[in-house]
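Structural characterization, general
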Amino acid sequence: MDAITARADDLLMLLAVARTGTYSAAAQVRGVDHTTIARRIAALEDALGGRVVAQSGRGWELTSLGRRATEAAGRIEAAMTQLAAGGEEPDPVAGVVRMSATDGFSAFIAAPAIARLRERHPDLVVEIVAAQRRAALHRPGLDLEVVVGRPQTSRGTTVELGSYTLGMYASRAYLAEHGEPRDMDELQTHRLVYFVDAMLQVEALDLPRRVVPRMRDGVTSTNVLVQVEATRAGAGIGMLPCFVADRHDDLVRLLPQLVTERLPYWMVIRADSLRIPAVAALADALREQTARSRTMLDGRA
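Given the structure is predicted, the values throughout are model-derived calculations rather than measurements.

In this section: the overall build of the protein chain. Within the protein chain, the secondary structure is distributed over twelve helices and eleven strands. Looking at the protein chain residue by residue over its 301 residues, the buried ones come to 45%. Across the protein chain, contacts joining residues at least 24 apart in sequence account for 74% of those joining residues at least 6 apart. When the accessible surface of the protein chain is summed, it comes to about 14800 Å², and 50% of that surface belongs to carbon and sulfur atoms.

Dropping the structure here:
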């Protein structure tokens, strides 16, 4: 392997680290072991005369030199893709984009948006990390995040996508056995199905402490789809996103005039990622799908 070929391959190794955030994950992508990744990154730094990555508690992050190097690596990757396509102009909306979003948004907004986007750009790969957490642009390997509540960050681009409605739900079988609550006092004698309070990272989701402070926990989970299934199974009354709960005919919404909470979805995009056509295209697709789903998100479907 000559020097120029070696440097180009080293740049592609760096690109894998930038996308995944760790040497181990980058090694899996490149089909080598993590020591090879470390050795090749060190060789690249020697050739460029400076650090391209810096280690933090969240993984490997690019330095300013590393960001310039990954831009060059992206051009090399695009050129290789063009050659593999027989010299045709490659689709710029291609490659791997990694995003994070809540499980409900991931399943019912992101998934159909990505499917529609990939019909036009089949070389695009989107990795979705389903998580309920506050935004943090320093997470390695993430290009875009969708969070609940306004993000407290001054870095990157933030966009309010829209809002969704939560309500109180119970299964028909549960109501037949325990009776349907007629007011807030009766509602709060039942057990609550909701998030694990001690693990809740998003302040906007701390609704039961304000709305139904006397309800005791029944089943709690970090996953809203588990909450829905626990409510359907009769574990208690769930405070659930309407756009998820309304899909099930065996769930009944309770006291909608008294318990109707609206929470906003915000999208946060890393500044360096927004310059990547695939990331920009995904952001546009998520905006369009959220707008298209407004009636469903409002709980009026």
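Next, the rest of the story.
One can expect most non-glycine residues to show negative phi and most peptide bonds to be in trans. Its identity is not glycine, yet leucine 255 carries a phi of approximately 45°, on the positive side. Its location among the elements puts leucine 255 in the loop between strand E10 (251-254) and strand E11 (261-269).

Here helix H9 (residues 224-232) has its buried residues at Val224, Gln227, Val228, Ala230 and Thr231. Angular distribution of buried residues about the axis of H9 spans 165°; they occupy a single face of the element. Among the residues of H9, the N-terminal cap falls to asparagine 223, whose side-chain oxygen and the backbone nitrogen of leucine 225 are separated by 2.7 Å. Positive backbone phi, at 90°, marks glycine 234, one or two positions downstream of H9.

Before going further, it helps to spend a moment on empty space enclosed by the protein. Enumeration over the complete set of coordinates arrives at three cavities of 30 Å³ or more. The wall of the second largest cavity is formed by eleven residues, among which Tyr194, Phe195, Asp197, Pro208 and Arg209 lie closest to the centre. Elements represented by at least two residues in the lining of the second largest cavity include exactly strand E7 (191-194) and helix H8 (208-211). Partitioning the lining of the second largest cavity into residue classes produces seven nonpolar, no polar and four charged.

Let us now look at the layout of surface pockets. Sizing a probe to match a water molecule and rolling it over the atoms shows the empty space that remains. Empty space within the second largest pocket amounts to approximately 270 Å³. Looking at the lining of the second largest pocket, the elements that each hand over two or more residues are helix H1 (3-20), helix H2 (23-30) and strand E3 (95-101). The greatest single-element share of the lining of the second largest pocket, amounting to five residues, is contributed by H1.

Quick look at the nonpolar core now. Met99, Val146, Met239 and Leu286 are the most contacted members of the largest nonpolar core, which totals 59 residues. With sequence-adjacent residues up to four places away left out, methionine 239 is seen in contact with Leu166, Gly167, Met168, Leu192, Val193, Tyr194, Leu207, Pro208, Val211, Val212, Gln227 and Val259. Formed by 19 residues, the second largest nonpolar core is a distinct cluster that contains Leu12, Tyr23, Val52 and Ala69.

On the secondary structure map, proline 208 appears in helix H8. It is 8.7 Å that separates the C-alpha atoms of proline 208 and leucine 192, two residues lying 16 residues apart in sequence. Aside from chain neighbours lying at most four places away, what touches proline 208 is Leu192, Tyr194, Pro213 and Met239.

This part is about the pairing of E7. Sheet topology note: the E7/strand E8 (residues 216-220) ladder contains four bridges and is parallel. Within the sheet, the bridge partner assigned to tyrosine 194 lies in E8 and is threonine 220. Of the strand pairs in this sheet, E7 and strand E9 (residues 237-241) are connected by two bridges, and their pairing is parallel. Its bridge partner being in E9, valine 193 is matched across the sheet by glycine 238.

Attention shifts here to H2. Every buried residue belonging to H2 is among Tyr23, Ala26 and Ala27, and all of these are buried. For H2, the angular spread of the buried residues around the axis is 105°, confining them to a single face. Across H2 from its buried face, at more than 90 degrees, point the exposed residues Gln28 and Val29.

Residue position: arginine 40 is located in helix H3 (residues 34-48). Of note is the side chain of arginine 40, whose polar atom sits 2.4 Å from the side chain of aspartate 10.

Another point: the packing of aromatic side chains. For the structure on display, the rule yields six aromatic pairs. With a centroid separation of 4.9 Å and an interplanar angle of 65°, the aromatic rings of phenylalanine 105 and tyrosine 265 are classed as edge-to-face. Here the residue phenylalanine 105 occupies a position in helix H5 (residues 103-120), and tyrosine 265 occupies one in strand E11, the gap between them amounting to 160 residues. Exposure remark for phenylalanine 105: the relative accessible area of 0% places this residue in the buried category. Tyrosine 265 gets classed as buried once you look at its relative accessible area, which sits at 2%. Centre to centre, the rings of tyrosine 164 and tyrosine 265 are 4.7 Å apart; their planes meet at 25°, and the pair counts as stacked. Of the two residues, tyrosine 164 is situated in strand E6 (residues 157-171) and tyrosine 265 in strand E11; the sequence distance between them amounts to 101 residues.

Parameters and conventions
- Residues numbered from 1 in each chain as written.
- Predicted model: local features only at pLDDT ≥ 70, side-chain atom pairs only at ≥ 80, totals over all residues.
- Heavy atoms only, no water.
- Helix = DSSP H or I, 4+ residues; strand = E, 2+ residues; numbered from the N terminus.
- Buried < 20%, exposed > 50% of the residue type's maximum accessible area, 1.4 Å probe, protein only.
- Contact = heavy atoms within 4.5 Å.
- Areas by Shrake-Rupley, 256 points an atom, 1.4 Å probe, with all protein chains shown as cover.
- Arc of directions from axis to C-beta.
- Polar contact = N/O pair within 3.5 Å; in protein donor to acceptor, adjacent residues only side chain to side chain.
- 1 Å grid on protein atoms, 1.4 Å probe; cavity = no way out; pocket = protein on both sides within 12 Å on 5 of 7 lines; lining within 4 Å.
- Points joined across faces, edges and corners; volume = space filled by probe spheres on them.
- Nonpolar A, V, L, I, M, F, W, Y, C, P; charged D, E, K, R; others polar.
- Core = buried A, V, L, I, M, F, W, Y, C linked by side-chain atoms within 4.5 Å.
- Pairing = 2+ DSSP bridges.
- Phe/Tyr/Trp six-rings, centres within 6.5 Å; stacked < 30°, edge-to-face > 60°.

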